[in-house]
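Chain by chain, the residues run as shown.
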Amino acid sequence: MVQIRSVGVIGAGQMGSGIAHVCALGGYDVLLHDVSPDRIKASLSQIERNMSRQVARGIIDDEAMKTGLARIKAAEELQAIGQADLAIEAATEDEEVKKTIFKALAPHLAPNTLLASNTSSISITRLASATDRPERFIGLHFMNPVPLMNLVEIIRGIATDAVTYEAAVDFAKSLGKTTANAEDFPAFIVNRILVPMINEAIYTLYEGVGTVEAIDTAMKLGANHPMGPLELGDFIGLDTVLSIMNVLYEGLADSKYRPCPLLVKYVEAGWLGRKTGRGFYDYRGDQPVPTR
(Lines give C-alpha, C1' and ligand atoms only; values in the text may rest on other atoms or scores of the structure.)
Protein backbone atom coordinates (compact mmCIF):
# COMPACT_ATOMS: atom_id res chain seq x y z
CA MET A 1 0.00 0.00 0.00
CA VAL A 2 1.11 3.54 -0.76
CA GLN A 3 0.99 5.77 2.34
CA ILE A 4 0.44 9.46 1.60
CA ARG A 5 1.07 11.74 4.57
CA SER A 6 2.70 14.73 2.90
CA VAL A 7 1.87 16.57 -0.32
CA GLY A 8 4.02 18.90 -2.37
CA VAL A 9 2.20 21.38 -4.62
CA ILE A 10 4.09 23.00 -7.50
CA GLY A 11 2.46 26.24 -8.62
CA ALA A 12 0.91 28.77 -6.24
CA GLY A 13 -1.71 30.17 -8.59
CA GLN A 14 -5.45 29.76 -8.23
CA MET A 15 -5.43 25.99 -8.68
CA GLY A 16 -2.31 25.27 -6.63
CA SER A 17 -3.58 27.44 -3.79
CA GLY A 18 -6.90 25.59 -3.79
CA ILE A 19 -5.21 22.19 -3.82
CA ALA A 20 -2.93 23.18 -0.92
CA HIS A 21 -6.00 24.47 0.95
CA VAL A 22 -8.01 21.23 0.72
CA CYS A 23 -4.98 19.01 1.38
CA ALA A 24 -4.18 20.90 4.59
CA LEU A 25 -7.78 20.66 5.80
CA GLY A 26 -7.67 16.97 4.86
CA GLY A 27 -4.88 16.36 7.38
CA TYR A 28 -1.85 16.35 5.07
CA ASP A 29 1.39 18.25 5.60
CA VAL A 30 1.73 20.54 2.57
CA LEU A 31 4.75 22.11 0.90
CA LEU A 32 3.84 24.89 -1.56
CA HIS A 33 6.33 25.89 -4.25
CA ASP A 34 6.36 28.50 -6.99
CA VAL A 35 9.09 30.08 -9.11
CA SER A 36 8.01 33.41 -7.56
CA PRO A 37 8.42 33.72 -3.76
CA ASP A 38 5.98 36.65 -3.85
CA ARG A 39 3.36 34.38 -5.39
CA ILE A 40 3.80 31.89 -2.54
CA LYS A 41 3.23 34.68 0.00
CA ALA A 42 0.16 35.88 -1.90
CA SER A 43 -1.13 32.31 -2.07
CA LEU A 44 -0.75 31.76 1.68
CA SER A 45 -2.67 34.99 2.32
CA GLN A 46 -5.40 33.93 -0.11
CA ILE A 47 -5.70 30.51 1.54
CA GLU A 48 -6.13 32.19 4.93
CA ARG A 49 -8.84 34.49 3.55
CA ASN A 50 -10.66 31.57 1.93
CA MET A 51 -10.52 29.50 5.11
CA SER A 52 -11.85 32.51 7.04
CA ARG A 53 -14.84 32.60 4.69
CA GLN A 54 -15.44 28.91 5.38
CA VAL A 55 -15.39 29.62 9.12
CA ALA A 56 -17.87 32.48 8.64
CA ARG A 57 -20.20 30.13 6.74
CA GLY A 58 -19.93 27.38 9.33
CA ILE A 59 -18.21 24.95 6.94
CA ILE A 60 -15.17 24.57 9.22
CA ASP A 61 -14.44 25.82 12.75
CA ASP A 62 -11.64 28.07 14.02
CA GLU A 63 -9.58 25.13 15.24
CA ALA A 64 -9.69 23.39 11.84
CA MET A 65 -8.56 26.62 10.19
CA LYS A 66 -5.71 27.14 12.67
CA THR A 67 -4.53 23.55 12.31
CA GLY A 68 -4.89 23.61 8.52
CA LEU A 69 -2.90 26.81 8.07
CA ALA A 70 -0.14 25.43 10.30
CA ARG A 71 0.21 22.41 8.00
CA ILE A 72 1.13 24.54 4.93
CA LYS A 73 4.78 25.53 4.55
CA ALA A 74 6.45 27.56 1.82
CA ALA A 75 9.04 25.69 -0.24
CA GLU A 76 11.13 28.26 -2.09
CA GLU A 77 13.30 25.55 -3.70
CA LEU A 78 11.74 22.96 -6.01
CA GLN A 79 13.98 20.22 -4.61
CA ALA A 80 12.13 20.33 -1.27
CA ILE A 81 9.02 18.98 -3.01
CA GLY A 82 10.87 15.77 -3.85
CA GLN A 83 10.62 14.49 -0.29
CA ALA A 84 6.82 14.59 -0.23
CA ASP A 85 4.86 11.35 -0.57
CA LEU A 86 2.83 12.90 -3.39
CA ALA A 87 3.94 15.78 -5.65
CA ILE A 88 1.16 17.56 -7.55
CA GLU A 89 2.08 19.87 -10.43
CA ALA A 90 -0.38 22.75 -10.86
CA ALA A 91 1.54 25.03 -13.21
CA THR A 92 0.25 26.84 -16.29
CA GLU A 93 -1.50 24.73 -18.97
CA ASP A 94 1.60 24.38 -21.17
CA GLU A 95 3.04 20.94 -21.91
CA GLU A 96 6.67 22.05 -22.17
CA VAL A 97 6.48 24.00 -18.90
CA LYS A 98 5.07 20.95 -17.14
CA LYS A 99 7.68 18.59 -18.60
CA THR A 100 10.46 20.99 -17.60
CA ILE A 101 9.19 20.98 -14.01
CA PHE A 102 9.09 17.19 -13.82
CA LYS A 103 12.57 16.84 -15.33
CA ALA A 104 13.97 19.37 -12.84
CA LEU A 105 12.26 17.58 -9.95
CA ALA A 106 13.46 14.09 -10.92
CA PRO A 107 16.93 14.15 -9.25
CA HIS A 108 15.38 15.15 -5.92
CA LEU A 109 12.56 12.61 -5.70
CA ALA A 110 12.37 10.07 -2.91
CA PRO A 111 12.12 6.50 -4.23
CA ASN A 112 8.43 6.08 -3.39
CA THR A 113 7.14 9.56 -4.28
CA LEU A 114 4.03 9.56 -6.46
CA LEU A 115 3.72 12.20 -9.18
CA ALA A 116 0.52 13.85 -10.36
CA SER A 117 -0.46 16.61 -12.74
CA ASN A 118 -3.49 18.84 -12.36
CA THR A 119 -3.54 19.34 -16.14
CA SER A 120 -7.00 19.97 -17.52
CA SER A 121 -6.30 18.69 -21.03
CA ILE A 122 -2.73 17.47 -21.71
CA SER A 123 -1.83 13.80 -22.21
CA ILE A 124 -0.87 12.10 -18.95
CA THR A 125 1.08 9.51 -20.93
CA ARG A 126 3.25 12.20 -22.55
CA LEU A 127 3.85 14.03 -19.28
CA ALA A 128 4.73 10.76 -17.54
CA SER A 129 7.31 10.00 -20.25
CA ALA A 130 9.31 13.04 -19.05
CA THR A 131 9.80 11.41 -15.64
CA ASP A 132 11.77 8.48 -14.23
CA ARG A 133 8.59 6.80 -12.92
CA PRO A 134 5.73 6.71 -15.43
CA GLU A 135 4.16 3.83 -13.50
CA ARG A 136 3.86 6.15 -10.46
CA PHE A 137 2.41 9.07 -12.45
CA ILE A 138 -1.28 10.00 -12.66
CA GLY A 139 -3.62 12.85 -13.54
CA LEU A 140 -5.49 14.48 -10.66
CA HIS A 141 -7.69 17.12 -12.26
CA PHE A 142 -9.27 19.22 -9.53
CA MET A 143 -12.10 21.57 -10.49
CA ASN A 144 -11.97 25.33 -9.91
CA PRO A 145 -12.52 26.67 -7.25
CA VAL A 146 -11.02 23.62 -5.54
CA PRO A 147 -12.44 24.17 -2.01
CA LEU A 148 -16.00 24.40 -3.39
CA MET A 149 -16.07 21.89 -6.25
CA ASN A 150 -16.59 18.24 -5.33
CA LEU A 151 -15.15 16.48 -8.38
CA VAL A 152 -11.64 15.19 -9.13
CA GLU A 153 -11.03 13.54 -12.48
CA ILE A 154 -8.56 10.65 -12.18
CA ILE A 155 -6.63 9.98 -15.40
CA ARG A 156 -4.28 7.04 -15.91
CA GLY A 157 -1.49 7.16 -18.45
CA ILE A 158 -0.65 4.04 -20.43
CA ALA A 159 2.07 3.12 -17.91
CA THR A 160 0.25 4.05 -14.67
CA ASP A 161 0.06 0.98 -12.43
CA ALA A 162 -2.96 -0.15 -10.43
CA VAL A 163 -1.41 0.69 -7.05
CA THR A 164 -0.89 4.31 -8.11
CA TYR A 165 -4.45 4.58 -9.38
CA GLU A 166 -5.91 3.14 -6.17
CA ALA A 167 -3.77 5.47 -4.04
CA ALA A 168 -4.92 8.47 -6.10
CA VAL A 169 -8.60 7.56 -5.70
CA ASP A 170 -8.21 7.03 -1.95
CA PHE A 171 -6.35 10.33 -1.64
CA ALA A 172 -9.04 12.31 -3.50
CA LYS A 173 -11.79 10.69 -1.44
CA SER A 174 -9.93 11.53 1.78
CA LEU A 175 -10.33 15.20 0.81
CA GLY A 176 -14.10 14.75 0.63
CA LYS A 177 -14.10 14.69 -3.17
CA THR A 178 -16.01 12.47 -5.58
CA THR A 179 -13.87 10.87 -8.29
CA ALA A 180 -14.58 10.18 -11.95
CA ASN A 181 -12.25 7.99 -13.97
CA ALA A 182 -11.33 9.44 -17.37
CA GLU A 183 -9.31 7.81 -20.11
CA ASP A 184 -6.23 9.62 -21.40
CA PHE A 185 -7.77 11.45 -24.36
CA PRO A 186 -7.48 15.20 -25.00
CA ALA A 187 -9.27 17.31 -22.33
CA PHE A 188 -10.63 14.17 -20.58
CA ILE A 189 -14.36 14.37 -19.70
CA VAL A 190 -15.28 17.73 -18.18
CA ASN A 191 -13.31 20.01 -20.47
CA ARG A 192 -14.01 17.96 -23.59
CA ILE A 193 -17.67 18.87 -23.08
CA LEU A 194 -17.42 22.23 -21.29
CA VAL A 195 -14.73 24.14 -23.20
CA PRO A 196 -16.14 23.53 -26.71
CA MET A 197 -19.43 24.90 -25.34
CA ILE A 198 -17.61 28.09 -24.29
CA ASN A 199 -15.89 28.22 -27.69
CA GLU A 200 -19.29 27.84 -29.41
CA ALA A 201 -20.66 30.70 -27.29
CA ILE A 202 -17.75 32.84 -28.51
CA TYR A 203 -18.59 31.88 -32.11
CA THR A 204 -22.19 32.88 -31.38
CA LEU A 205 -20.92 36.31 -30.30
CA TYR A 206 -18.42 36.50 -33.20
CA GLU A 207 -21.14 35.80 -35.77
CA GLY A 208 -23.51 38.39 -34.26
CA VAL A 209 -26.18 35.93 -33.19
CA GLY A 210 -26.35 37.55 -29.74
CA THR A 211 -24.62 40.03 -27.47
CA VAL A 212 -22.48 39.05 -24.48
CA GLU A 213 -25.38 39.71 -22.12
CA ALA A 214 -27.93 37.94 -24.32
CA ILE A 215 -25.79 34.79 -24.67
CA ASP A 216 -25.06 34.53 -20.94
CA THR A 217 -28.65 35.32 -19.95
CA ALA A 218 -29.97 32.76 -22.44
CA MET A 219 -27.82 29.97 -21.02
CA LYS A 220 -28.44 30.89 -17.38
CA LEU A 221 -32.20 31.08 -17.74
CA GLY A 222 -32.72 28.76 -20.72
CA ALA A 223 -30.41 25.93 -19.62
CA ASN A 224 -30.33 26.67 -15.87
CA HIS A 225 -26.55 27.16 -15.87
CA PRO A 226 -25.31 28.98 -12.74
CA MET A 227 -22.93 31.06 -14.87
CA GLY A 228 -23.13 32.07 -18.53
CA PRO A 229 -20.51 30.55 -20.87
CA LEU A 230 -18.73 33.86 -21.57
CA GLU A 231 -18.67 34.73 -17.88
CA LEU A 232 -17.36 31.23 -17.20
CA GLY A 233 -14.65 31.62 -19.84
CA ASP A 234 -13.51 34.81 -18.10
CA PHE A 235 -13.49 32.96 -14.76
CA ILE A 236 -11.42 30.05 -16.12
CA GLY A 237 -9.07 32.36 -18.05
CA LEU A 238 -9.36 32.82 -21.80
CA ASP A 239 -5.73 31.74 -22.26
CA THR A 240 -6.59 28.43 -20.60
CA VAL A 241 -9.72 28.08 -22.75
CA LEU A 242 -7.60 28.64 -25.87
CA SER A 243 -4.93 26.17 -24.70
CA ILE A 244 -7.55 23.46 -24.16
CA MET A 245 -9.19 24.13 -27.54
CA ASN A 246 -5.78 23.85 -29.21
CA VAL A 247 -5.14 20.53 -27.44
CA LEU A 248 -8.51 19.25 -28.68
CA TYR A 249 -8.01 20.59 -32.22
CA GLU A 250 -4.49 19.20 -32.57
CA GLY A 251 -5.14 15.96 -30.70
CA LEU A 252 -8.39 14.95 -32.39
CA ALA A 253 -7.93 16.61 -35.81
CA ASP A 254 -11.60 17.55 -36.00
CA SER A 255 -12.65 20.97 -37.33
CA LYS A 256 -15.41 21.23 -34.74
CA TYR A 257 -12.69 22.00 -32.19
CA ARG A 258 -11.21 24.96 -34.12
CA PRO A 259 -10.71 27.86 -31.67
CA CYS A 260 -12.88 30.87 -32.50
CA PRO A 261 -10.82 33.71 -34.05
CA LEU A 262 -12.36 36.12 -31.54
CA LEU A 263 -11.04 34.00 -28.66
CA VAL A 264 -7.58 34.15 -30.24
CA LYS A 265 -7.83 37.96 -30.55
CA TYR A 266 -8.80 38.41 -26.91
CA VAL A 267 -5.83 36.31 -25.79
CA GLU A 268 -3.50 38.20 -28.12
CA ALA A 269 -4.76 41.46 -26.57
CA GLY A 270 -4.03 40.15 -23.08
CA TRP A 271 -7.73 40.29 -22.20
CA LEU A 272 -7.74 36.97 -20.38
CA GLY A 273 -10.74 37.49 -18.10
CA ARG A 274 -11.01 38.17 -14.40
CA LYS A 275 -7.31 37.72 -13.67
CA THR A 276 -6.32 40.58 -16.00
CA GLY A 277 -9.34 42.79 -15.36
CA ARG A 278 -10.81 42.40 -18.86
CA GLY A 279 -12.18 39.60 -20.98
CA PHE A 280 -15.70 39.40 -22.36
CA TYR A 281 -16.49 41.62 -19.39
CA ASP A 282 -14.57 44.58 -17.98
CA TYR A 283 -14.04 43.97 -14.25
CA ARG A 284 -12.27 47.20 -13.37
CA GLY A 285 -15.37 49.03 -12.13
CA ASP A 286 -17.90 48.29 -9.42
CA GLN A 287 -19.87 45.98 -11.73
CA PRO A 288 -18.69 43.85 -14.70
CA VAL A 289 -19.55 45.50 -18.02
CA PRO A 290 -19.55 43.65 -21.39
CA THR A 291 -16.62 44.59 -23.62
CA ARG A 292 -18.59 43.94 -26.83
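Just so you know, these numbers come straight off a predicted model, no measurement behind them.

J.: How should I be thinking about the pairing of strand β1 (residues 6-10) in this particular structure?
T.: In terms of burial, β1 is largely enclosed, as five of its five residues are buried. The side-chain alternation of β1 yields two buried faces, one formed by S6, G8 and I10 and the other by V7 and V9. The pairing of β1 with strand β2 (residues 29-33) spans five bridges and is classified as parallel. Considered in β2, the bridge of V9 is made with L32. A crossover links β1 with its parallel partner β2, the connecting element being helix α1 (residues 14-25), and its sense is right-handed. Where β1 meets strand β4 (residues 86-89), four bridges bridge the pair, whose relative direction is parallel. Residue pairing in the sheet places V7 in a bridge with L86 of β4.

J.: What am I meant to see in the UniProt feature "domain: 3-hydroxyacyl-CoA dehydrogenase NAD binding" (unreviewed entry) in the chain here?
T.: Residues annotated by UniProt as "domain: 3-hydroxyacyl-CoA dehydrogenase NAD binding" (unreviewed entry) correspond here to residues 7-184. Along residues 7-184, the helical share is 40% and the strand share 21%, with 24 Å between the first and last C-alpha atoms.

Rules and cut-offs
Residues numbered from 1 in each chain as written. Predicted model: local features only at pLDDT ≥ 70, side-chain atom pairs only at ≥ 80, totals over all residues. Heavy atoms only, no water. Buried < 20%, exposed > 50% of the residue type's maximum accessible area, 1.4 Å probe, protein only. Helix = DSSP H or I, 4+ residues; strand = E, 2+ residues; numbered from the N terminus. Pairing = 2+ DSSP bridges. Right-handed = clockwise from strand over helix to strand, strands pointing away. UniProt positions renumbered as here; feature names shortened; annotations may be inferred.

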